Amino acid sequence: MTRKPSLASLSINAGAPVAKNGNAFRHGPEFASTFHLSGDVDPEVYQYGRFGQPTWTSLETGLAELEGGDTVIFPSGMSAASAILTSLVKPGDTILLPSDGYAPVRYYTEHYLVKFGVKLKTIATREIDSFDFHGITVALLETPSNPMLDTFDIRKAANKIHQQGGILAIDNTTLTFLGQLPLALGADISMSADTKAVNGHSDVVFGHVSTLDKTISDKIRNWRKFSGNIPGPMETWLVHRSLSTLDVRLQRMCDTAILLADALEKHEKVLSIRFPGLTSDPSHAIAKQQQQLFGFIISFELESKEAADKFLAACNLVYVATSFGGVHSIAERRARWGTDQIPEGVIRFSVGCERHEDLINDVIAALDSL
Ligand SMILES: *Cc1c(COP(=O)(O)O)cnc(C)c1O
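Going along each chain's sequence as written, the residues are numbered from 1 onward. Local features in this predicted model are restricted to residues whose pLDDT is 70 or higher, and side-chain atom pairs enter the listing and the counts only when it is 80 or higher, whereas totals over whole chains, interfaces and linings include all residues. Hydrogens and water molecules were not included; the side-chain quantities draw on all heavy atoms of the structure.

K.L.:
How should the sheet that holds strand β8 (residues 272-274) be read in this particular structure?
P.N.:
In a beta sheet, neighbouring strands are held together by backbone hydrogen bonds and run either parallel or antiparallel to one another. Should DSSP find at least two bridges between two strands, the strands are taken to pair. A run of H or I in DSSP becomes a helix once it reaches four residues, and a run of E becomes a strand once it reaches two; helices and strands are each numbered from the N terminus. Read across the open sheet, the 5 strands follow the order β8-β9-β12-β11-β10; overall the sheet is mixed. At either margin of the open sheet sits one strand with a lone partner, and together these are β8 and β10 (319-320). With 5 bridges joining them, strand β9 (residues 297-301) and strand β12 (residues 346-350) adopt antiparallel strand pairing. When the sheet's bridge partners are listed, S299 is paired in β12 with R348. Along the sheet, helix α7 (residues 233-266) makes contact with β8, β9 and β12, crossing β9 at roughly 10°. Note on definitions: a residue-residue contact is assigned when non-hydrogen atoms from the two residues lie within 4.5 Å. Only C-alpha atoms enter the line fits that serve as axes; for helices the fit covers just the stretch in contact. Angles between N-to-C directions range over 0 to 180 degrees.

K.L.:
Teacher, can you tell me more about the sheet that holds strand β7 (residues 207-211) here?
P.N.:
In spatial order, the strands read β1-β7-β6-β5-β4-β2-β3; together these 7 strands make up an open sheet with mixed pairing. Bordering the open sheet on either side are β1 (70-74) and β3 (119-123), each of which pairs with just one other strand. Averaged over all neighbouring strand pairs, the angle between strand axes comes to 20°, with direction disregarded. Contacts from helix α4 (residues 103-113) reach β2 (94-98), β3 and β4 (138-142) within the one sheet, and its direction differs from that of β2 by about 155°. Taken strand by strand, helix α5 (residues 154-163) contacts β4 and β5 (167-171), and its axis lies near 155° from that of β5.

K.L.:
Please clarify how the side chain of D194 should be interpreted in this entry.
P.N.:
Mapping D194 onto the fold places it in the loop between β6 (189-193) and β7. There is no salt bridge for the buried D194, and the closest opposite charge comes from R249, which lies 9.6 Å off by N-O distance. Here the side chain of D194 touches S192 through a polar contact of 2.7 Å, side chain to side chain. Sequence-distant contacts of D194, that is, excluding residues within four places in its chain, are made with L63, N199, G200, F206, G207, H208 and V239. Here the term buried applies to any residue with accessible area under 20% of the maximum for its type, exposed to any over 50%, and partly exposed to those in between, with areas from a 1.4 Å probe on protein chains only. Here the positive residues are Lys and Arg and the negative ones are Asp and Glu; neither His nor the chain ends is included. Salt bridges are defined as contacts in which a side-chain nitrogen from Lys or Arg sits within 4 Å of a carboxyl oxygen from Asp or Glu. Here a polar contact is recorded for every N or O atom pair within 3.5 Å, except that within protein the pair must consist of a potential hydrogen donor and a potential acceptor, and residues adjacent in sequence are included only if both atoms are side-chain atoms.

K.L.:
Looking at this structure, how should I read the packing of α7 against helix α10 (residues 356-368)?
P.N.:
The description of two helices packed together rests on the angle between their axes and the distance between the axes. Remark: α7 packs on α10, axes separated minimally by 10 Å, with the N-to-C direction vectors making an angle of 25°. One element, α7, and the other, α10, form an angle in the roughly parallel class. Here the hand of the crossing between α7 and α10 comes out right-handed. Taken together, the residues of α10 that come into contact with α7 (itself represented by T256, L259, L260, A263 and L264) are H356, L359, I360, V363, I364 and L367. Every angle not falling under 35 degrees, over 145, or within 65 to 115 is termed oblique; those three ranges are roughly parallel, roughly antiparallel and roughly perpendicular. Crossings are sorted by hand: turned counterclockwise from the far helix by less than a right angle, the near helix makes the crossing left-handed, and turned clockwise it makes it right-handed.

K.L.:
I tried to follow the site of the ligand on my own but got confused; where do I start?
P.N.:
Lining the immediate surroundings of the ligand are 14 residues, of which G77, M78, D171, T195 and K196 lie closest. A distance of 2.8 Å separates an oxygen atom of the ligand from a polar atom in the backbone of G77. Here D171 contributes a side-chain N or O atom positioned 2.6 Å from a nitrogen atom of the ligand. Working definition of accessibility: Shrake-Rupley area with a 1.4 Å probe, residue cover restricted to the visible protein chains. The fraction of the free accessible surface of the ligand (380 Å²) that becomes covered by protein chains is 92%. If a single non-hydrogen atom of a residue is within 4 Å of a molecule or strand, that residue counts as near it.

K.L.:
What exactly am I supposed to notice about the packing of helix α2 (residues 54-67) against α7 here?
P.N.:
Two elements in contact, α2 and α7, have axes whose closest approach is 9 Å; the angle formed by their N-to-C orientations is 35°. For the pair α2 and α7, the sense of crossing is left-handed. Between α2 and α7, the residues in contact are T55, W56, S58, L59, L63 and L66 and P233, T236, W237, V239, H240 and L243, respectively. Ten residues, namely Ala, Val, Leu, Ile, Met, Phe, Trp, Tyr, Cys and Pro, are considered nonpolar, four, namely Asp, Glu, Lys and Arg, are considered charged, and the remaining ones, Gly among them, are considered polar. Broken down by class, the residue content of the contact of α2 with α7 amounts to 8 nonpolar, 4 polar and no charged.

K.L.:
Would you take a moment to explain the domain arrangement of the chain for this structure?
P.N.:
By domain assignment, the chain separates into domain 1 (7-243) and domain 2 (247-369). Taking only C-alpha atoms into account, the centre of domain 1 sits 26 Å from that of domain 2. Taken together, the contacts link 35 residues of domain 1 with 32 residues of domain 2. When domain 1 packs against domain 2, close to 2,600 Å² is buried across both sides, 55% of that on carbon and sulfur atoms. Once two parts are brought into contact, the accessible area they lose, counted with a 1.4 Å probe and summed over both, makes up the buried area. Together, P147, M148 and L149 form the three largest contributors to the area buried by domain 1 at its contact with domain 2, with a combined 23%. Between R274 and D150 there is a salt bridge whose closest N-O contact spans 3.0 Å. Between domain 1 and domain 2 we count 17 residue pairs in polar contact (both at pLDDT 80 or more) in total. Mapped by element, the contributors of at least two residues to the side of domain 1 that touches domain 2 are α4 and α5. Looking at the side of domain 1 that touches domain 2 residue by residue, the classes come out as 14 nonpolar, 15 polar and 6 charged. Segmentation of the chain into domains, including their bounds, is taken from an automatic or database domain assignment.

K.L.:
How should the pairing of β7 be read in this particular structure?
P.N.:
Along any regular strand the residues' side chains alternate between the sheet's two faces. Taking burial as the measure, the 5 residues of β7 include 5 buried ones, the bulk of the element. Sheet topology note: the β1/β7 ladder contains 5 bridges and is antiparallel. Across the sheet, the residue bridging to F74 is G207, located in β7. Looking at chain direction, β6 and β7 are connected through 5 bridges and run antiparallel. Looking across to β7, one finds that S190 is bridged to S210.

K.L.:
Explain the pattern of salt bridges to me, please; I cannot follow it from the model alone.
P.N.:
According to the stated counting rule, one finds 12 salt bridges in the structure shown. The partner of R224 in a salt bridge is E60, and the shortest N-O contact between them spans 2.9 Å. Remark: E60 occurs in helix α2 and R224 occurs in helix α6 (residues 214-227); sequence separation between them is 164 residues. Taken as a pair, R224 and E60 share a single burial class, namely buried. A salt bridge links D309 to R333; the shortest N-O distance between them is 3.3 Å. Taken together, the residues D309 in helix α9 (residues 305-314) and R333 in strand β11 (residues 330-333) connect sequence positions 24 residues apart. Since its relative accessible area comes to 36%, D309 is described here as partly exposed. Among the charged side chains, a network of salt bridges with common partners joins E60, D70, R221 and R224.

Structure, rendered in structure tokens:
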């Protein structure tokens, strides 16, 4: 019996043609706003660049294979989230968002949807396992949450919200489909900011939405078509190219994260640490049960704002920036944005692809200097 290859191996060529003699492994990006269209409108052919085009189709085909559901790509993670939040609700419906998740998603809902009669409810991620989902139309939740890495049981949440007729969408940005498969766990939608690990080179802003529900994917695709939130062919092609190396990058990042978290947990200057891979972490049990990887983000607390800033300045291999999931290790004092309810000294650390011994030496030396 032949075993089906893992998603990790499939990701190397997902959505790309199988090369025949004389053919290139990959097509380049196709730059086109309009396509030849004579006679009656044929829904099976490309017509106009806002409706669909070949470079989109290649990436969407690849992501669909990996996510396990029909996929719609977007020019940013926020446009993917907006598509979900805007196209699946009507006045009087209630959206559930994490109070400790990606803050711009809450901002968008509060400032652009609530005024049209949509209701917003928020919940701390660690309370989702005991929440009954009564009256919720669409829940867009994160596990592990960003930045504090709390988790909840996706299957349990999906069962509960389905009993109420609601839709469960998972923002899977912190793990990607190689780290967790929301659709296989029963969620209706898997969403990702591909700006982060999926593209992974800190040079493209991008996103996607995947679902097994045809009604949902039609609504999401239509929202893209009529709102005009469309990705460019060059960005689409760059993300598709990055997909081939996602597994090696992610594996390196996640392996190093386990080693770095161990070293941080033991360091006297670290007041507390959150990383789902640590057996002592409150997220560990659920992470072990539903994730394929523990992830590459570590959040840890230093004594003060000053200590955190001093630590960041003392690191040589770590880039101080917002965002995560790139080949460079990136860290920031997360409370500087004022959008997360976290202590001033919290560092959100995204482990990159450096050699683990170099990175750990650098981080520990910076902590020792405090
Ligand atoms: C970055 C991020 C987003 C938004 O993605 P953009 O590409 O910046 O628009 C959404 N959700 C999470 C969890 C993110 O980290």
